[in-house]
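# An overview of the molecular structure
Take a look at the letters that make up each chain.
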Amino acid sequence: MIPKITPKLTLVGAGPGDPELITLKGVLALGKADVILYDALVDKSLLNHATKNALKVFVGKRQGSKLNPQEKTNQMIVDYALKYGHVVRLKGGDPFVFGRGAEEIEYAQKFGIKTEIVPGITSSVAVPAYQGIPVTKRGVSESFWVITGTTSSGQLSRDIRIAAQSTATLVILMGTRKLKEIVQEFSALGREDTPIALIQNGTTPTEKVVAGQIYNIEQKVLESGVGAPAIIIIGNVVSESPKLMNIYREAIRI
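Here goes a summary of the coordinates provided. (Residues numbered from 1 in each chain as written. Predicted model: local features only at pLDDT ≥ 70, side-chain atom pairs only at ≥ 80, totals over all residues. Heavy atoms only, no water.)

### Focus: the packing of aromatic side chains
- Summed over the entire model, instances satisfying the criterion amount to 3 aromatic pairs.
- Summarising the aromatic geometry, the rings of Tyr 107 and Phe 111 are spaced 5.3 Å apart at their centres and angled 50° between planes, so their arrangement reads as tilted. (Phe/Tyr/Trp six-rings, centres within 6.5 Å; stacked < 30°, edge-to-face > 60°.)

Structure, rendered in structure tokens:
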């Protein structure tokens, strides 16, 4: 007797990069998957939590790549679920923080597919934390913004200009290629001395960090070779990091 297929989609956040930062619930979901569709930023060692019979399909893309458009991924989720059963969509960070998780859930539900969400540790908080940068700290920053650097139209998010006028910590994802424009926004407000850090491949063995101030960060990034995928953190909390404190002490002496 052929077993009945029960289509299901589970959206799992893999965390910011370090494979040990996935949740226990995420690991358990991988062990129950018939198919795993995974992204480019997911550590492949996480696939070891799946059964040997589970299909493992790469559907990721790097920033700027046109490989695997979202529409194709949405359709793959449905096709695999209807054919094999339980699909785990493994996404970097948290699926609902610039991960298009909501779009994938909505598309699957149109076909009557049962859906479940397993949140992940978002890189917007975890990556700064690994460098000792608190996104909030009493007496320094009361709030933080998480903004995409590049909108769907390819433009710099207008929210950055608004956030730059506040005292909040600003965390920018997918903004490395917009660094020049970001610097211009802060400089126009007279905030050239604001601490800023860029962290590439955060929480992984290939992590690279560069820190400075708005007025000198472009030159420092050029010298360091730090590039995408990287997270940008702007605000006084950057200079609160024990790991980066000496950089800012030197700046004060100069």
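### Considering the packing of helix 6 (residues 179-188) against helix 7 (residues 217-224)
- Where helix 6 meets helix 7, the closest approach of the two axes is 10 Å, and the angle between their N-to-C directions is 155°. In terms of their interaxial angle, helix 6 and helix 7 are classed as roughly antiparallel. Residues Leu 179, Lys 180 and Val 183 of helix 6 pack against Ile 217, Glu 218 and Val 221 of helix 7.
- Considering only residue class, the contact of helix 6 with helix 7 consists of 4 nonpolar, no polar and 2 charged. (Axes fitted to C-alpha atoms, helices over the stretch in contact; angles between N-to-C directions. Helix = DSSP H or I, 4+ residues; strand = E, 2+ residues; numbered from the N terminus. Parallel < 35°, antiparallel > 145°, perpendicular 65-115°, else oblique. Contact = heavy atoms within 4.5 Å. Nonpolar A, V, L, I, M, F, W, Y, C, P; charged D, E, K, R; others polar.)

### Considerations on helix 6
- Buried residues of helix 6: Leu 179, Ile 182, Val 183, Glu 185 and Phe 186, and no others. The arc that holds the buried residues of helix 6, viewed along the axis, is 160°, so those residues lie on one side. More than 90 degrees from the buried face of helix 6, the exposed residues found are Lys 180 and Ala 188.
- For helix 6, the secondary structure elements touched by its buried residues are helix 5 (159-163), strand 7 (169-173), strand 8 (195-200), helix 7 and strand 10 (230-234).
- Positive phi shows up at Gly 190, right after helix 6, with a value of about 75°. (Buried < 20%, exposed > 50% of the residue type's maximum accessible area, 1.4 Å probe, protein only. Arc of directions from axis to C-beta.)

### Notes on the sheet that holds strand 9 (residues 208-213)
- Taken together, 5 strands build an open sheet; the order of strands is 6-7-10-8-9 and the sheet is mixed. The open sheet has two free edges, formed respectively by strand 6 (144-148) and strand 9, since each of these has just one partner strand. Neighbour-to-neighbour, the strand axes of the sheet open up by a mean angle of 15°, direction not taken into account.
- The sheet contact formed by strand 7 and strand 10 spans 4 bridges and is antiparallel. (Pairing = 2+ DSSP bridges.)

### A closer look at the sheet that holds strand 3 (residues 55-58)
- Across the sheet, 5 strands lie side by side as 3-2-4-1-5; this open sheet has parallel pairing. Looking along the sheet, the strands with just one partner apiece sit at the ends: strand 3 and strand 5 (114-118). The sheet shows a mean angle of 20° between the axes of neighbouring strands, direction not considered.
- Here strand 1 (residues 8-13) runs beside strand 5; their pairing, made up of 5 bridges, is parallel. Opposite Leu 11, over in strand 5, you have Ile 117 as the bridge partner.
- Together, strand 1, strand 2 (35-38), strand 3 and strand 4 (86-91) form the strand contacts of helix 2 (residues 70-84), whose direction differs from that of strand 4 by roughly 150°.
- Across the face of the sheet, helix 3 (residues 101-109) comes into contact with strand 1, strand 4 and strand 5 while running at roughly 175° to strand 1.

### Notes on helix 3
- Residues Gly 101, Glu 104, Ile 105 and Ala 108 constitute the buried set of helix 3. Taken end-on, helix 3 shows its buried residues confined to a sector of 100°, consistent with a single buried face.
- Buried residues along helix 3 sit against strand 1, helix 2, strand 4 and strand 5.

Everything listed here is a matter of geometry and, on its own, says nothing about what the molecule does.
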